[in-house]
Amino acid sequence: RAKERGNRYQIYANELNAIVSEQWTMERNLRGALERGEFLLHYQPKVDLQTGNIVGAEALVRWEHPVLGMLSPAKFIPLAEETGLIIPLGDWVLREACRQLKVWHERGHHALKIAVNLSTRQFQQKDIVKDILHALAETGVEPAFLELELTESMVMQAPEEARETLERLKEIGVQLSIDDFGTGYSSLSYLRSFPVDKLKIAREFIHDIPDRDGEKIVNAVIQLAHSLQLQVIAEGVERQEQVEMLKRAGCDEVQGYLFCRPIPPHELEAKFQTFNSS
Ligand code: C2E
Ligand code: CA
Ligand code: CA
């Protein structure tokens, strides 16, 4: 009996060891990857529903792994968060997105905005406002063209600290939007007491259009957000009927596979012309 339990414990310990060492290898790899320049950004366009023009793009990080190939953020962001590597990685994303935006502005796409995702740890870090100011100054991007995407839970975890940070970011002049809206439990009226500009309706809700009560919920969120002077974007738009419904509801912008997947910067640049002239 005791021996059996001992064996079982041994197996468990071995597995645990394997997991720990895998994590450790991955962590070391992550650090090296940043130094070797293996991260890159793909961009997914945001489309104005009234005009059909591309008005912005969301920067989404990828890891071009020498052996495993292109890794999606789900594979490494959680570990980067856990280990604190998200701070230098997030800072790189911010600078790289601003650098790319500056290039596009200089090539004549003057009105284009860029959106960057912030992680919880990055947002709670005391130098975040300084880092953002630095990225803007270094690249010469005007603050109004940078949009920061944060989640409800990031704001609600420590509302008073978040309020202070958000107010300082608003003073700089960047745009603030709430990502994955509807997946948390915050009320829209409470959220409105924070200086945010835009809501991004979570793709779970868009997915339910036209089934179930998806359409009713999305409609209500859009009306309420507009009455509170908030702009609305829908993410995860995959079907034309969703576009029609969102148009009827007065949604401002859309983003999703129906229009375009996240793509490398040169491919997006080619789309500026085709989209914005038709
Ligand atoms: P997110 O911010 O909600 O980003 C949208 C995700 O939805 C992207 O996945 C995008 O490829 C995917 N998507 C876009 N359109 C559609 C659609 O029509 N249908 C479906 N099913 N999915 C769609 P991705 O690029 O794998 O990113 C996943 C998450 O990783 C992001 O979710 C974000 O939370 C995080 N992430 C990505 N880049 C960064 C970054 O630079 N920093 C931080 N902190 N997080 C990032
Ligand atoms: Ca996002
Ligand atoms: Ca989202």
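The rules we used
Residues numbered from 1 in each chain as written. Chains lettered and ligands numbered in written order. Predicted model: local features only at pLDDT ≥ 70, side-chain atom pairs only at ≥ 80, totals over all residues. Heavy atoms only, no water. Axes fitted to C-alpha atoms, helices over the stretch in contact; angles between N-to-C directions. Helix = DSSP H or I, 4+ residues; strand = E, 2+ residues; numbered from the N terminus. Left-handed = near helix turned anticlockwise from the far one by under 90°. Contact = heavy atoms within 4.5 Å. Nonpolar A, V, L, I, M, F, W, Y, C, P; charged D, E, K, R; others polar. Pairing = 2+ DSSP bridges. Right-handed = clockwise from strand over helix to strand, strands pointing away. Donors = N, O, S within 2.8 Å, 3.2 Å for Na, K, Ca; no water. Core = buried A, V, L, I, M, F, W, Y, C linked by side-chain atoms within 4.5 Å. Buried < 20%, exposed > 50% of the residue type's maximum accessible area, 1.4 Å probe, protein only. Near = heavy atom within 4 Å. Polar contact = N/O pair within 3.5 Å; in protein donor to acceptor, adjacent residues only side chain to side chain. Areas by Shrake-Rupley, 256 points an atom, 1.4 Å probe, with all protein chains shown as cover. Salt bridge = Lys/Arg side-chain N within 4 Å of Asp/Glu carboxyl O.

A. Geometry of the packing of helix H10 (residues 214–227) against helix H11 (residues 240–249). Contact geometry for H10 and H11: axes closest at 10 Å, N-to-C directions at 35 degrees. In this structure, the crossing between H10 and H11 has a hand that is right-handed. Contact residues: H10 offers Glu215, Val218, Asn219, Ile222 and Gln223, while H11 offers Met245, Leu246, Arg248 and Ala249. For the contact of H10 with H11, the class distribution of residues is five nonpolar, two polar and two charged.

B. Geometry of the pairing of strand E8 (residues 231–234). For strand E7 (residues 198–201) and E8, the ladder comprises four bridges, and the chain directions are parallel. Its bridge partner being in E8, lysine 200 is matched across the sheet by isoleucine 233. Direction of pairing for E8 relative to strand E9 (residues 253–254): parallel, over a ladder of two bridges. Bridge assignment links isoleucine 233 to a residue of E9, and that residue is glutamate 253. With respect to chirality, the unit in which E8 leads through H11 into the neighbouring parallel E9 is right-handed.

C. Structural detail: the coordination of the calcium ion (ligand 2). Taken together, the protein ligands of the calcium ion (ligand 2) are Glu58 (OE), Asn117 (OD1), Glu149 (OE) and Asp179 (OD), with distances of 2.2 to 2.3 Å. Along the chain, the residues that donate to the calcium ion (ligand 2) are spaced as E-x58-N-x31-E-x29-D. Here the calcium ion (ligand 2) and the calcium ion (ligand 3) are spaced 3.9 Å apart, with aspartate 179 acting as a shared donor. Note that asparagine 117 is positioned in strand E4 (residues 113–117) and aspartate 179 in strand E6 (residues 175–181), a separation of 62 residues in sequence.

D. Representation of the nonpolar core in the model. Grouped together as the largest cluster of nonpolar side chains are 77 residues, with contacts concentrated most on Leu146, Leu148 and Leu246. Ranked by the residues each element gives to this core, the list is headed by helix H3 (residues 86–106), at eight residues.

E. Layout of the site of ligand 1. Around ligand 1 there are 21 residues in total, and Gln44, Arg62, Arg203, Glu238 and Tyr257 lie nearest to it. Contact distances for ligand 1 include 2.5 Å between a nitrogen atom and a side-chain N or O atom of glutamate 238. Taken by itself ligand 1 offers 790 Å² of open surface, and the protein chains cover 81% of this. Listing elements by their share of the shell around ligand 1, those giving two or more residues are strand E2 (54–65), helix H2 (73–83) and E6.

F. Geometry of the environment of arginine 239. As for its placement among the helices and strands, arginine 239 is situated in the loop between E8 and H11. Owing to a relative accessible area of 30%, arginine 239 belongs among the partly exposed residues under this scheme. If sequence neighbours within four positions are ignored, arginine 239 has contacts with His207, Ile209, Pro210 and Leu258. Here glutamate 241 takes part through its side chain, which lies 3.1 Å from a polar atom of the side chain of arginine 239.

G. Summary view of the pattern of salt bridges. For the structure shown, the criterion picks out 18 salt bridges. In this structure, glutamate 215 and arginine 248 form a salt bridge, with 3.5 Å as the shortest nitrogen-oxygen distance. Of the two residues, glutamate 215 sits in helix H10 while arginine 248 sits in helix H11, which places them 33 residues apart along the sequence. One salt-bridge network, in which partners are shared between bridges, spans Lys46, Glu58, Glu147, Glu149, Lys198, Lys200 and Glu253.

H. Main features of the pairing of strand E1 (residues 39–48). Of all ten residues in E1, eight are buried, a share of seventy percent or more. Alignment of E1 against E2, held across nine bridges, turns out to be antiparallel. The residue bridging leucine 40 from the neighbouring strand is arginine 62, located in E2. By the bridge criterion, two bridges tie E1 to E9 in an arrangement that is antiparallel. In the strand pairing of E9, valine 47 is matched with valine 254.

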